Amino acid sequence: MATADGSRVIAIEEHYFDPELAALFAGRDDRMPPPIRDRLLDVGALRLAEMDGAGIDVQVLSHGAPATQKLDPGSAAEIARGVNDRLAGIIAAAPDRFQGFAALPTPDPAAAADELDRCVGELGFRGAMVHGLTHGAFLDEQRFWPIFERAAALGVPVYMHPSIPHEDVIAAYYADYIGEFPGLLTAGWGFTVETATQGIRLVLSGVFDACPDLKIVLGHLGEGLPFLLWRIDQALSRTESRLASFRETFREHFYITTSGNFSDPALLCSALEMGTDRILFSVDYPFVASRDGTDWMERIPFATEDRRKILHGNAERLLGL
């Protein structure tokens, strides 16, 4: 499997459902079409066939939302450990096709840091993915910093993925329209706003001063932030602050992926702002068809070297693949 120019293809935001964890949230989201749920629960023949059909060599598997961020602090660590052990078994059955991001019990930050350590050191995972807020709290709060400290020490990234926005935000911003346009709450806008805010708050918090080797990944071509970096930086620079440059801090510590955003103009903007060394290929499977992503990568007007970086080289370097 390879692209027309022989490139290996690694997709790093590719979701699945652990049946035991997903069962805890049954009934919370009735909007998910059955074909998507079926694919989330499949980590065998169907998934591999669709990878083969799209020319994808490796998926880095991560649990879909809702995930362990919504668990009770008292049970989160035990449940997350089971999720990760089962994912390790999936990877062991097809190690040339699957790698993994850990599910972290962020309601218990110390346990989350220890679970990341275990998943990287014992299970061979390539980092972690977290989904949105933890019981309404953004992860820039200092009680969560042990997670980032451990990730930096281990040399692995934390992937900040969206989840449903805070209930107060839903009421104030989206309630009037989500009945007719439910996608506005999720990938249409709500996911973007919530996750971009999470990224901005991390920069402002000072966590990158405390953890200078910390690496954060944002999907969907950076949740719109590459387009806005200059303006955010200019606005924040109008007053004296301890932050030297929002733009440079972001470009130094963040990576972005193509997940679910196969737009030529958006990719070009991202490449001009971030450089192609900071962009990694992702599909956002099964919410987006794998073939749509690889067909798009064949068409984009990039040099072969830049395309290869995005398709596999940057993932190999960032994730140690």
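The structure displayed is predicted, hence computed values, not measured ones. (Residues numbered from 1 in each chain as written. Predicted model: local features only at pLDDT ≥ 70, side-chain atom pairs only at ≥ 80, totals over all residues. Heavy atoms only, no water.)

(A) Up close: the overall build of the protein chain. For the protein chain, the count of helices and strands is 14 helices and nine strands. For 321 residues, the compact-globule estimate of 2.2 N^0.38 gives 20 Å, and the protein chain sits close to it at 19 Å. Seen through its principal axes, the protein chain has C-alpha atoms that stretch 55 × 50 × 45 Å. Evaluated residue by residue, the protein chain yields a buried proportion of 53% over its 321 residues. Here the contacts in the protein chain between residues at least 6 apart in sequence split such that 79% fall between residues at least 24 apart. On the protein chain, roughly 13600 Å² of surface is accessible, and the fraction owed to carbon and sulfur atoms is 53%. Once the 28 positive and 46 negative side-chain charges of the protein chain are each reduced to a mean point, those two points are 3 Å apart. (Helix = DSSP H or I, 4+ residues; strand = E, 2+ residues; numbered from the N terminus. Rg over C-alpha atoms; globule rule 2.2 N^0.38 Å. Buried < 20%, exposed > 50% of the residue type's maximum accessible area, 1.4 Å probe, protein only. Contact = heavy atoms within 4.5 Å. Areas by Shrake-Rupley, 256 points an atom, 1.4 Å probe, with all protein chains shown as cover. Lys, Arg positive; Asp, Glu negative; His and termini not counted. Charge placed at Lys NZ, Arg CZ, Asp CG, Glu CD.)

(B) Focus on the environment of Phe 287. Counting through the fold element by element, Phe 287 comes out in the loop between strand S9 (279-280) and helix H13 (290-299). Take Phe 287: its relative accessible area is 38%, and that puts it in the partly exposed class. Every residue in contact with Phe 287, bar those within four places of it in the chain, is listed here: His 15, Met 32, Ile 36 and Leu 40.

(C) Focus on the sheet that holds strand S3 (residues 98-100). Within the open sheet, the three strands sit side by side as S1-S2-S3. Their pairing is parallel. Edge positions in the sheet fall to strand S1 (10-16) and S3, since each has one partner strand and no second. Ignoring which end each strand starts from, the neighbouring axes of this sheet average 35° apart. In this structure, strand S2 (residues 58-63) lies alongside S3, joined through three bridges in parallel fashion. Across the sheet, the residue bridging to Val 60 is Gln 99, located in S3. Running at roughly 135° to S2, helix H3 (residues 45-54) makes contact with S1, S2 and S3 of the sheet. On the sheet, helix H14 (residues 304-319) packs against S1 and S2 and is oriented at approximately 75° with respect to S1. (Pairing = 2+ DSSP bridges. Axes fitted to C-alpha atoms, helices over the stretch in contact; angles between N-to-C directions.)

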